[in-house]
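# Architecture at a glance
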Amino acid sequence: MTHVNTIPEAYQIKSPLTLSQFVIEGQLKHWSGPTAEVRSPIQTVNGDCVMQETLVGHVPQMGEKEAVQALKSACEAYDRGRGQWPTMKVGERIKCMEQFVVQMATKRDEIVKLLMWEIGKNLSDSEKEFDRTVEYIYDTIDAYKNLDRESAKFDKVGGVRAHIRRGPLGVVLCLGPYNYPLNETFSLLIPAIIMGNTTIFKPAKFGVLLIAPLLEAFASCFPPGVVNVIFGRGREVASPIMKSGKIDVLALIGHSSSAVALQDLHPNKNRLRLVLGLEAKNPAIILPSADMTQTVSECISGTLSFNGQRCTALKILYVHEDIKEIFLKQFCNKVDELKLGMPWENTLLTPLPEPNKPDYIQSLIDDALSKGAKIMNKKGGERSSNYIFPAVLYPVTEDMKVYHEEQFGPVIPVKSFSDINMPINEMSESNYGQQVSVFGTNTQELAPLIDTLVNLVCRVNLNSACQRGPDVYPFSGRKDSAVSTLSVNDALRAFSIRTFLACKDNEINKSILRTMLQERQSNFVSTDYLL
Ligand code: G3H
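Attention now moves to the overall build of the protein chain. Scanning the protein chain from terminus to terminus reveals 17 helices and 28 strands. Against the 2.2 N^0.38 benchmark of 24 Å for 531 residues, the protein chain shows a C-alpha radius of gyration of 25 Å, consistent with a compact globule. Seen through its principal axes, the protein chain has C-alpha atoms that stretch 80 × 65 × 40 Å. By the burial criterion, 56% of the 531 residues in the protein chain qualify as buried. When contacts within the protein chain are restricted to residue pairs at least 6 apart in sequence, long-range pairs at least 24 apart make up 74% of them. If you sum the accessible surface of the protein chain, you get close to 21900 Å²; carbon and sulfur atoms cover 50% of it.

Tyrosine 394 connects to proline 395 through a cis peptide bond whose omega is -10°. Omega for the bond connecting glycine 469 with proline 470 falls within 30 degrees of zero, at -15°, which places this linkage in the cis form. Relative to the helices and strands, proline 470 resides in the loop between β25 (459-462) and β26 (478-479). Phi is positive for phenylalanine 306, which is not a glycine, with a value near 45°. The phi torsion at asparagine 346 lies on the positive side, around 60°, for a residue other than glycine.

Further remarks concern helix α14 (residues 421-429). Pro423, Ile424, Glu426 and Met427 are the residues of α14 that are buried. Projected down its long axis, α14 shows its buried positions confined to an angular sector of 165°, all on one face.

Another aspect to go through is the side chain of glutamate 426. Position of glutamate 426 relative to the elements: it lies in helix α14. You can call glutamate 426 buried: its relative accessible area is 10%. Apart from the residues within four sequence positions on either side, glutamate 426 is in contact with Tyr318, Glu398, Tyr403 and Lys415.

The subject of this paragraph is the sheet that holds strand β9 (residues 155-157). Across the sheet, which stays open at both edges, the 3 strands sit in the order β9-β10-β28 with antiparallel pairing between neighbours. Each edge of the sheet is formed by a strand with only one pairing partner; in this case those strands are β9 and β28 (496-504). Taking each pair of neighbouring strands and ignoring which way they run, the sheet shows an average axis angle of 35°. Pairing analysis gives 9 bridges linking strand β10 (residues 160-168) to β28, with the strands arranged antiparallel. Across the sheet, residue proline 168 finds its bridge partner in β28, namely serine 496.

Rules used throughout
- In this numbering scheme, every chain counts its residues from 1 along its sequence in written order.
- Selection of residues for local features in this predicted model requires a pLDDT of at least 70, selection of side-chain atom pairs for listing and counting requires 80 or more, and totals for whole chains, interfaces and linings are taken over all residues.
- To get the side-chain values, all heavy atoms of the structure are used, and hydrogens and water are removed first.
- Secondary structure counts use DSSP, requiring at least four H or I residues in a row for a helix and at least two E residues in a row for a strand, with both numbered from the N terminus.
- The atom set for the radius of gyration is the C-alpha atoms, and the globule formula is 2.2 Å times the number of residues raised to the power 0.38.
- Any residue under 20% of the maximum accessible area for its type is buried, any over 50% is exposed, and the rest in between are partly exposed; the area is computed with a 1.4 Å probe on protein chains only.
- Should any heavy atoms of two residues lie within 4.5 Å, those residues are counted as being in contact.
- Computed with the Shrake-Rupley method and a 1.4 Å probe, the accessible areas treat only the protein chains shown as cover for residues.
- Arc definition: it is the arc formed by the directions from the helix axis to the C-beta atoms.
- Here the rule is simple: two strands pair whenever DSSP picks up at least two bridges between them.
- As a rule, the C-alpha atoms of each element are fitted with a line to give its axis, helices using only the stretch in contact, and angles between N-to-C directions run from 0 to 180 degrees.

Put into structure tokens, the structure is as follows:
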């Protein structure tokens, strides 16, 4: 609980904000229909008034009608590939994106403040999320220029000339997660837009108000219908859009259950491309040769940055029997030293945005305790209405819920092993396959382990916590953890398809091509070199 007077001026929200606009057909439209309250996990006291969940604003609750309008707007802008945006010169599309990012950069303070209030992310992580997103956009622009330069040529094989480029796929539905409502959503939306697709974007369940400062830029920087932004519950707005069969790409970062349900609504699944970042249960494997100080420090940030609400968080720790005691002792001490505070105080632990999360984490703890685990740290499981202090649970067994479920919150299951085949077997049986962290210094032991682990997950982190970044590196997963690969470069490929002009290499065709190129008649057939 914090007194409003103690909140630094720059981070105060004096009165609830009302988001009453949305974007369809390139216009900022006014919403006068039903709204939903946005409640912050931050509890405040103002005089006699105690706000258990501070009201930070209201957002539109749209329904099928607006969803269908957004879809119509995106379809008309794409116009079956004939629209202004999908046929535009790459350089022109890049100019629109450059205008957008310049306008976006001016909204940093507003967005950072809302990230803190809406999802409880601490100040430095909120700033990082914003800055990383701006950098992602600039990197995407550079990557697209590179891609375009590589395509600015003609191939000739077997007497056939070819001008091969990447073209858009059509209409993209973008749905992001609440833990990175800006960065992860934009890591889908930005490459989708720049490749010439038209888009419908619905923000996540939390982190909605923070999109408001960007609506004007979305409406003004791109041609009408290229970016449509609507608000509401997924079931009410995303379902009718998927049922229409007019979506070409479902781009979602979230849970596989939502991805599968939405995919199932599409009447022509074979036409639907999936770009999905899904759940994970990344393990840490701690070997006897591990440097204990470094391992403990990486496991703290790996398990508990943003309270463990990251798809890349370490969600189970496998510790070798020989070092189990020393690891648990040092790790538990460090966990208990962590402070729970307000986001602007930059503590690692901050209030949880999902009101039911403390109860859920409690249920995982209770289940584990009833099946033989113990809470190893003194403060583990201490409750307040919007938080539950991280509990280190040991020994965890396969019959416990916390072993299987992606906790996405502050609880840390630990298992010990004496045979390395044990964690390897469990990883290969697991439904997840995103990343792993391996801690050790003995190369004889590490090398064969890495050779196996790279085939079970998509990134092996040596003596470091799992993470997505830097965003130029591939971010993917096996099994239930992802479909497709994201990175600055890979995302451009995920949201496009190779398409080309081919012709027999004869004089008539050569003359046609020469004229088209010299007179710059085509936006697609072009050897212009983008600087
Ligand atoms: O929630 C999953 C995010 O992709 C994690 O990204 O590793 O940068 O926190 P991060």
